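Overview (structure and organization)
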Amino acid sequence: MIEVKNLSKSFGNVEVLQDINTTFVKGKVNQIIGKSGSGKSVLAKCIVGLYVPTKGQVLYNGESFHDMDKDQKKQLRQEIGMLFQSNALFDSLTVMENVMFPLKMFATMSEREMRERALFCLKRVKIEGQGKKFPAEISGGMQKRVGIARAIAMKPKYLFVDEPNSGLDPQTSIVIDELIQEITEEYETTTIVITHDMNSVMGIADEIYFIHNKRLWWQGTRPELLKSDNQELQEFIFAGSLMRQVRKAMKSG
Amino acid sequence: MSLLYHIGRYFMLLGEVFSKPERLSIYWKRTVEEMDLLGVKSLGIVSLLSLFMGAVITIQTKTNIDSPLIPQYVVGFTVRQSTILEFSPTIISLILAGKVGSTIAAEIGSMRVREQIDALDIMGVNSAGYLILPKIIATALINPFLIIISMFLSIFGGWLAGTLSGIISSSDYITGVQYDFDPYIVTYALIKTVVFAVIIATVSAYQGYYTTGGTREVGISSTKAVVYSDVVILIANYLLTQLLLL
């Protein structure tokens, strides 16, 4: 479980997040939604410790991340898997080497065991045949899968996913979403997904967090999302024509 | 203030770089790869520059001291002294700052803007140590070899130009090269080389590591890496010369 308490973040005089208070649930897909530039990614980066909050704190199982010493942070980070928007795969390493990378840095297992674990992860995301290729030689969807494989290599307790569907066709987006959902259930991770893709939200979100006007504007489940009468939330989720049709269908029963 | 900020942040980054590595074997493997990329692959340009540098020093020395009162071997002596004391360690290091420094800044800068450094940090890897330490060790180990090769080739280039153009006899040149040789000047040159190698690797890595933005900013970081490395090398050259030769 991850708790965020009174978190604010500013860059110089520009305040991006203001007094965020919430809890991210274990074994669930927690999706942070909001317009571009609303501060979703900044919130995620504060939670994983890439940014230091201006105020407030982030608690991992009750322990404040920013109060931890260097070794404790290092230990915790080995329990975190992250899929970046850009995938952040190492271009000079093959797909197999990318997945093996965290194992080589931290795991106490033989080379053969590492290879077996990496192969298992690649099989899990259904790209076991691509191990010898370099990231530049595979498609964007496959790169996402490699990113997921690398994120789960160390059997993480926390999974962060930044815009998993950006640049993907709708069909591949669904495959990646389903993979995130399956992995969350399989490893019982506290999964935090940052997205503005409503298809993804309607597909896999267990808990939804709407960031608007620097604040956590609304929080709830999928059924609550559609029923909510929050004006700003309504404007955001029904901005797309598909979602407008959903609303029309709902109103007509 | 800005200068103090950068100096402070540079030394804080070095603190991170020299903290305990996660896996020594991985760091060593990366160091060997960097020695090939940053050192061995610079051998061609270093050899070419050194040969022509020696040739030009020979011709210029000869044309400038064309007096019957000055013995012919002075040409060889001058080539040796200027090559070992200054041209090979300093000029070649400045050239390497251009080639190696821009490579380091571009590589690390690209990793920064493509979130690969964030990925390392989130995994719990000391990204500064993992990326920069092997480059520092590699350049500090391989650059002295490059400079020694440069010294030989420069002196050889001088002999080649002198004898082929007929401006000095082979025996006069060799006499000059051997005349009053103090091995300390080689030690002095190699100390300078190691210091310059560390400057090139750390200043360039600093520029790359703190790149923000996109590909344009990576280019700007590469340019800054070369310019600042050159400036710091020139200042260090002056200080080391005072410290070691006076």
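Figured I'd write up the structure that's included with this text.

Thresholds applied
- Residues numbered from 1 in each chain as written.
- Chains lettered and ligands numbered in written order.
- Predicted model: local features only at pLDDT ≥ 70, side-chain atom pairs only at ≥ 80, totals over all residues.
- Heavy atoms only, no water.
- Helix = DSSP H or I, 4+ residues; strand = E, 2+ residues; numbered from the N terminus.
- Rg over C-alpha atoms; globule rule 2.2 N^0.38 Å.
- Buried < 20%, exposed > 50% of the residue type's maximum accessible area, 1.4 Å probe, protein only.
- Contact = heavy atoms within 4.5 Å.
- Buried area = accessible area lost by both parts, 1.4 Å probe.
- Salt bridge = Lys/Arg side-chain N within 4 Å of Asp/Glu carboxyl O.
- Polar contact = N/O pair within 3.5 Å; in protein donor to acceptor, adjacent residues only side chain to side chain.

1. A look at the overall build of chain A
The helix and strand inventory of chain A stands at ten helices and ten strands. At 19 Å, chain A has a C-alpha radius of gyration in line with the 18 Å of a compact globule built from 253 residues. Taking the principal axes of its C-alpha atoms as reference, chain A extends roughly 55 × 45 × 30 Å. Within the span of chain A, comprising 253 residues, buried residues form 53% of the whole. Sequence separation of 24 or more characterises 64% of the internal contacts of chain A that already satisfy a separation of 6 or more.

2. Observations regarding unusual backbone geometry
A positive phi angle is found at A:Glu188, which is not glycine, with a value near 50°. Structurally, the position occupied by A:Glu188 is in the loop between α6 (170–187) and β8 (190–195). A:Glu188 gets classed as partly exposed once you look at its relative accessible area, which sits at 48%. Phi angles above zero are rare outside glycine, and B:Glu115 is one such case at about 65°.

3. Thoughts on the interface of chain A and chain B
Every contact between the two is made by 26 residues of chain A and, on the other side, 19 residues of chain B. In total, chain A and chain B occlude about 1900 Å² of area from one another, counting both sides; carbon and sulfur atoms represent 60% of this. Viewed at the interface, chain B and chain A are joined by four salt bridges. In this structure, B:Glu16 engages A:Lys70 in a salt bridge whose closest nitrogen and oxygen atoms are separated by 3.7 Å. Counting every contact that joins chain A to chain B gives eight residue pairs in polar contact (both at pLDDT 80 or more). Breaking the side of chain A that touches chain B down by element, the ones donating at least two residues are α1 (40–48), α2 (70–77), β6 (80–83) and α3 (95–106) of chain A. Examining the composition of the side of chain A that touches chain B, we find that six residues originate from one element, α3(A), more than from any other.

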